[in-house]
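Fold and contact review
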Amino acid sequence: MDKNMEDGKAAQARLRQLEEALAHLARITEDLSEVIARQDGEIARLSRRVEMLMRAAAEQQLEAGGTLPLADQRPPHW
């Protein structure tokens, strides 16, 4: 077998390996993008819930005769 033929086969094998690695990385990127999009939605939903809970707790404190809602007060160590 001559040297050029061996080099060509080696180059084709290397190219195939690189294409497989690229396809694998592209798939991982798509998967991670989906995870990030899902997490973004979950964070937004949880943030809204926390805000609603903070408002509800503040309203309850005001109704109970508190002056400042606990969420708006400085911690005692300040």
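Just so it is clear, the structure is predicted and the values come from calculations on it, not from any experiment.

As a further point, take the overall build of the protein chain. A tally of regular secondary structure across the protein chain gives 1 helix and 0 strands. Sorting the 78 residues of the protein chain into buried and exposed places 3% on the buried side. Looking at the protein chain as shown, the accessible area adds up to about 7300 Å², and 59% of this sits on carbon and sulfur atoms.

So, about helix α1 (residues 3-63). The terminal C-alpha atoms of α1 lie 89 Å apart, and with 61 residues this matches the ideal 90 Å at 1.5 Å per residue to within 8%. G65 occupies a position one or two residues after α1 and carries a positive phi of about 100 degrees.

There is a patch of nonpolar side chains on the surface, built from L25, I28, L32 and I36 and spanning about 370 Å² of accessible area. With respect to the helices, strands and loops of the structure, L25 is situated in helix α1. The class of L25 is exposed, set by a relative accessible area of 51%.

About the thresholds
- Residues numbered from 1 in each chain as written.
- Predicted model: local features only at pLDDT ≥ 70, side-chain atom pairs only at ≥ 80, totals over all residues.
- Heavy atoms only, no water.
- Helix = DSSP H or I, 4+ residues; strand = E, 2+ residues; numbered from the N terminus.
- Buried < 20%, exposed > 50% of the residue type's maximum accessible area, 1.4 Å probe, protein only.
- Areas by Shrake-Rupley, 256 points an atom, 1.4 Å probe, with all protein chains shown as cover.
- Expected span 1.5 Å × (residues − 1).
- Patch = residues over 30% accessible without salt bridge, like charges linked within 9 Å, V, L, I, M, F, W, Y side chains within 5 Å.
- Salt bridge = Lys/Arg side-chain N within 4 Å of Asp/Glu carboxyl O.

Remember, this is a structural readout, not a statement about activity or role.
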